[in-house]
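Residue strings, one per chain:
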Amino acid sequence: MNALELMQHCGAIARLTWRTFREAIRPPFEIALLVEQMDRAGIGSWSIAVLTALFTGAVMALQFAMGLESYGASLYTGKMVSLGIVRELGPTLTAVLVGGRVGAGFTAEIGSMNVTEQVDAISALGADPVRKLVVPRVMACMIMLPLLTILADFVGCFGGMVVTMQEVGVTWRFFVEQVLETLDVEDVLHGLGKSVFFGYFIAIIGCYMGLRTRGGTSGVGRATTDTVVAISITVLISNFLLTNLFMSLYG
């Protein structure tokens, strides 16, 4: 993909974004479709978020406990783990893994509808495909990903606490006190703010790739693969940019 093609994709996604948010604020609201997508994007992905966060927190605690031991600072493992989970690894890893699952699902579903001309049928019946297909998915991801991030934060800190108690020998009460002393509202909002943007990127890219799918079942497969790659790269790049933005705002 050259620079011109990348700019064309960005422009097309920007136009789709405009249509999506324009339709999102127009009544009547598709509550049933939104709830259905919230169940698929959020509740259906909680196990991935929990499993990833649990072992990420455990590995972080193990590394920090061993690394800080030589400096006599292993008691501060809880501070390091909680800050890293809440500000960065919780929202980012959740977005990458959930994005691969949910975004690919959006592309496969909408892409299959597109190649079988079901999207054209929706337009022929006088309905807007963006309103029926894109809006519920984008809104659902923007709502559910922050909730999954909160769950991942708690589970990640719990995994870190268990390992810290074993490796450092502290009590759970001491670990919790370290976490509460370290984290403030800005740290929590930092991670949750990024997760809202991540949810938007996951859904809009998945829907865009599905709407532009051509070439039958093989085209659906290619589009699904491209979606996973595009979402992963977008989340990682936007994480850096959003971190700089939020740190400048908080500073």
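Going by the structure above, here's the rest.
Just so it is clear, the model here is predicted, and its values are computed rather than measured. (Residues numbered from 1 in each chain as written. Predicted model: local features only at pLDDT ≥ 70, side-chain atom pairs only at ≥ 80, totals over all residues. Heavy atoms only, no water.)

Another aspect to go through is the packing of aromatic side chains. Tallied over the full model, the rule gives two aromatic pairs. The interplanar angle of 40° and the centroid separation of 6.2 Å between the aromatic rings of Phe21 and Tyr200 together place this pair among those described as tilted. With Phe21 in helix α1 (residues 3–24) and Tyr200 in helix α8 (residues 185–211), this pair connects stretches of sequence that are 179 residues apart. In this structure Tyr200 comes out as buried when scored by relative accessible area, which is 16%. Ring centres 5.2 Å apart and planes at 50° place the aromatic pair Tyr200 and Phe201 in the tilted group. Ring pairing ties together the aromatic residues Phe21, Tyr200 and Phe201, which thus form one cluster. (Phe/Tyr/Trp six-rings, centres within 6.5 Å; stacked < 30°, edge-to-face > 60°. Helix = DSSP H or I, 4+ residues; strand = E, 2+ residues; numbered from the N terminus. Buried < 20%, exposed > 50% of the residue type's maximum accessible area, 1.4 Å probe, protein only.)

With 35 residues, the main nonpolar core has Val134, Cys141, Leu145 and Ile204 as its most contacted residues. Ranked by the residues each element gives to this core, the list is headed by α8, at nine residues. Once you skip the residues sitting within four places of it in the chain, Cys141 turns out to touch Ala41, Val102, Phe106, Pro146, Gly199, Ile202 and Ala203. (Core = buried A, V, L, I, M, F, W, Y, C linked by side-chain atoms within 4.5 Å. Contact = heavy atoms within 4.5 Å.)

Another point: the pattern of salt bridges. Evaluated as defined, the whole model comprises 10 salt bridges. As a salt-bridge pair, Asp187 and Arg87 come within 2.4 Å of each other at their nearest N and O atoms. Pair noted here: Asp187 is in helix α8 and Arg87 is in helix α4 (residues 77–115), with a separation of 100 residues, a long-range link. The same class applies to Asp187 as to Arg87, namely buried. The salt bridge partner of Lys194 is Glu88, with a shortest N-O separation of 2.9 Å. In this pair, Lys194 sits in helix α8 while Glu88 sits in helix α4, placing the two residues 106 residues apart along the sequence. Judged by its relative accessible area of 25%, Glu88 is partly exposed. Connected via shared salt-bridge partners are Glu23, Arg26, Glu30, Arg131 and Lys132. (Salt bridge = Lys/Arg side-chain N within 4 Å of Asp/Glu carboxyl O.)

A cluster of nonpolar side chains, namely Val229, Ile233, Ile237, Phe240 and Leu241, defines an oily patch on the protein surface of about 500 Å² accessible area. Its place among the elements puts Leu241 in helix α9 (residues 216–250). (Patch = residues over 30% accessible without salt bridge, like charges linked within 9 Å, V, L, I, M, F, W, Y side chains within 5 Å. Areas by Shrake-Rupley, 256 points an atom, 1.4 Å probe, with all protein chains shown as cover.)

In the segment running from Pro27 into Pro28, the intervening peptide bond is cis, with an omega of 0°. One can find Pro28 in the loop between α1 and α2 (31–41). With phi around 65°, Glu117 is a residue other than glycine that occupies positive phi space. Looking at the secondary structure, you find Glu117 in the loop between α4 and α5 (118–124). For Glu117, a relative accessible area of 54% translates into the label exposed.

For Glu186, the position within the fold is in helix α8. Residue class for Glu186 comes out partly exposed when judged on its relative accessible area of 40%. Spatially, the C-alpha atom of Glu186 lies 9.3 Å from that of Phe246, the residues being 60 residues apart in sequence.

Take α8 next. Under the 1.5 Å per step criterion, the end-to-end length of α8 is 39 Å for 27 residues, consistent within 8% with the ideal 39 Å. Among the 27 residues of α8, 19 are classified as buried, and the element is accordingly described as predominantly covered. Between the side-chain oxygen at the start of α8 and the backbone nitrogen of Glu186 there is a gap of 3.2 Å, and the oxygen is on Asp184. (Expected span 1.5 Å × (residues − 1). Polar contact = N/O pair within 3.5 Å; in protein donor to acceptor, adjacent residues only side chain to side chain.)

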